[in-house]
Amino acid sequence: MGDFLNIFIKSAFIENMVLAYFLGMCSFLAVSKTLSTATGLGLAVIFVLGVTMPINWVINEFILIPADLEFLRFILFIAVIASTVQLVEMVLEKFSPGLYTALGIFLPLITVNCAILGGSLFMVSRDYNLSESVAFGLGGGFGWFLAIIALAAIRERIRYSNVPPALRGLGMAFLITGLMGIAFLSLTGIDPAVFAGWSPPVAE
Amino acid sequence: MAESTELKTGVVADNRPEEKQPIFGKKEAILITDPLLDNNPITIQVLGVCSALAVTSLVYPSLVMAVAVVFVCGLSSLFTSLMRNIIPKAVRLIVQLVIIATLVTLVNEALKVLAFPVYKQLSVYIGLIITNCIVMGRLEAFAMANKPWRSFLDGIGNGLGYGLILVAVGVVRELFGKGSLFAGSPIALNIIGPSGATTDYLINTAAESGIGSFFGWYANNNLMVLPAAAMFVIAVFIWIQRSYNTKLVDVS
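Residues numbered from 1 in each chain as written. Chains lettered and ligands numbered in written order. Predicted model: local features only at pLDDT ≥ 70, side-chain atom pairs only at ≥ 80, totals over all residues. Heavy atoms only, no water.

## Overview of the packing of helix 8 (residues 114-125) of chain A against helix 9 (residues 130-158) of chain A
All names here are of chain A.
1) Next: Where helix 8 meets helix 9, the closest approach of the two axes is 11 Å, and the angle between their N-to-C directions is 145°. Here the hand of the crossing between helix 8 and helix 9 comes out right-handed. Here Ala115, Gly119, Phe122 and Met123 of helix 8 come into contact with helix 9, specifically with Ser133, Phe136 and Trp144. (Axes fitted to C-alpha atoms, helices over the stretch in contact; angles between N-to-C directions. Helix = DSSP H or I, 4+ residues; strand = E, 2+ residues; numbered from the N terminus. Left-handed = near helix turned anticlockwise from the far one by under 90°. Contact = heavy atoms within 4.5 Å.)

## Digging into a nonpolar patch on the surface
Residues and elements named next belong to chain A.
1) Next: A cluster of nonpolar residues, Val58, Phe62, Ile63 and Leu130, forms a patch on the protein surface that exposes about 360 Å² of accessible area.
2) Next: Per element, the largest residue contribution to the nonpolar patch is three residues, and it comes from helix 4 (residues 35-64).
3) Next: Looking at the secondary structure, you find Phe62 in helix 4.
4) Next: Classification of Phe62 as exposed rests on a relative accessible area of 57%. (Patch = residues over 30% accessible without salt bridge, like charges linked within 9 Å, V, L, I, M, F, W, Y side chains within 5 Å. Areas by Shrake-Rupley, 256 points an atom, 1.4 Å probe, with all protein chains shown as cover. Salt bridge = Lys/Arg side-chain N within 4 Å of Asp/Glu carboxyl O. Buried < 20%, exposed > 50% of the residue type's maximum accessible area, 1.4 Å probe, protein only.)

## So, helix 10 (residues 170-185) of chain A
1) Next: Between its first and last C-alpha atoms helix 10 of chain A spans 23 Å; for 16 residues at 1.5 Å apiece the expected length is 22 Å, and the two agree.
2) Next: Residues of helix 10 of chain A that are buried include every one of Leu170, Gly171, Met172, Ala173, Phe174, Ile176, Thr177, Gly178, Met180, Gly181 and Phe184 of chain A, and no others. (Expected span 1.5 Å × (residues − 1).)

## Quick word on the packing of aromatic side chains
The description of an aromatic ring pair uses the distance of the two centres, along with the angle that the planes make with each other.
All names here are of chain A.
1) Next: One pass over the full model with this rule turns up nine aromatic pairs over all chains.
2) Next: Taking the centre distance of 6.4 Å and the plane angle of 85° together, the rings of Phe13 and Phe142 count as edge-to-face. Taken together, the positions of Phe13 in helix 1 (residues 2-14) and Phe142 in helix 9 put the pair 129 residues apart, joining distant regions of the chain.
3) Next: Taking relative accessible area as the criterion, Phe142 reaches 28% and is therefore assigned partly exposed.
4) Next: Counting every residue linked through ring pairs, the aromatic cluster contains Phe8, Phe13, Phe142 and Phe145.
5) Next: Here Arg126 stacks its cationic end above the ring of Phe122, 4.6 Å away from the centre of that ring. (Phe/Tyr/Trp six-rings, centres within 6.5 Å; stacked < 30°, edge-to-face > 60°. Lys NZ or Arg CZ within 6 Å of the ring centre and 35° of its normal.)

## A closer look at the UniProt feature "transmembrane region" (unreviewed entry) in chain B
Residues and elements named next belong to chain B.
1) Next: Under the feature "transmembrane region" (unreviewed entry), the UniProt entry names residues 63-82, 94-116, 122-139, 151-172 and 223-240.
2) Next: Taken end to end, residues 94-116 comprises 96% helix and 0% strand; its first and last C-alpha atoms sit 30 Å apart.
3) Next: Between the end C-alpha atoms of residues 122-139 there is a gap of 25 Å, over a span that is 67% helix and 0% strand. (UniProt positions renumbered as here; feature names shortened; annotations may be inferred.)

## Some remarks on the pattern of salt bridges
1) Next: Overall, the coordinates contain three salt bridges over all chains when judged by the stated rule.
2) Next: Residue Arg126 of chain A pairs with Glu15 of chain A through a salt bridge whose shortest N-O separation is 3.6 Å. Pair noted here: Arg126 of chain A is in the loop between helix 8 and helix 9 and Glu15 of chain A is in the loop between helix 1 and helix 2 (17-21), with a separation of 111 residues, a long-range link.
3) Next: Taking relative accessible area as the criterion, Arg126 of chain A reaches 24% and is therefore assigned partly exposed.
4) Next: Put simply, Asp154 of chain B and Arg138 of chain B hold a salt bridge, and the shortest N to O gap is 3.0 Å. Here Asp154 of chain B is found in helix 8 (residues 148-178), whereas its partner Arg138 of chain B is found in helix 7 (residues 133-141), with 16 residues between them in sequence.
5) Next: Residue class for Arg138 of chain B comes out buried when judged on its relative accessible area of 13%.

In structure tokens:
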């Protein structure tokens, strides 16, 4: 449990997907114009990251490594992500139309969101085990969600400010992201090792 | 099928007979030069920002990354364009992803053999070329509706436009952040800094006389090494570009 929390905190705040690694930047900049759509995309990212990460872990551990086929990793991972997204879309449409209409348009976008593939590749290069990769997926997704709603909220406000014309829109989005990145650097002060020995209190 | 892609992407297919056109005429030159500035993938189209920014803290990895993207972008456009009439529309995204992923795997294995230190440095970002939006974007918007040769040039042009920004950001960040250029490559240059026992800088800030003695106050800007600096540098590029070309200004 402690390790789980440790990796969650680390991937959500300290090594934030967007602000420290620039993963998923395209959709981050394109879909952050209004808060409501940003929230929808953020939730979809958490969901897909949390689902694809363990699947890719299993594939990597039980198919690619034993068969010595590691050079096929990119193709298999992207295929898993594309088909998971498709599957999730179909399941949601059938069983949860409410959530489907909320996430609907964003799900296909997510296939080419670098945060998803990047998460899986980081998982491999850091040798995570199954529970760690679930924590990394959820934590990374949560960090991405936080960053995009923060940027969207700021961009909604900045529309009322007098920005130099040449910086309007895209330029400001880049500047704000940079400043947010610096702000998130202050979170490197958190020591995730504090959670290493932590376990949930047992009810008596 | 050709008509529907036209409608979808808004790009008009070039259906004129090919033999009347020069192989590399004015139109083809525009395909390469347009994405360099006025239609730059990063500063104007906002595609492919994702996988690139983290590698720009040094020039050499940015250069390698740029070459890799030019290669993948050009060849994937060529192959997609060759197959554009036989790809069923429903599965075109998957087919495109497979083409791109195959090319990226090639680049990845080649880099592992040829330049292992850079391969280590780029780590997951080579793999992330697969989800790089420029590659996919150009396939959807151009290669699915145009002849192979033109698509190939368009891919190369967009790859170069992307590489240009990447290397430019890399130069700014490395020069001001580390005082060197091309560090880690065979042509490494140490521009400015205090010369020590192992390194010799062009402008030696620790020198008692000469040009270096005027730069005693100089210190590396550590902000430039941080990932956030890439955002600022690109924002400044966008600012400069849009002040010169006011047509590009965002009205919203």
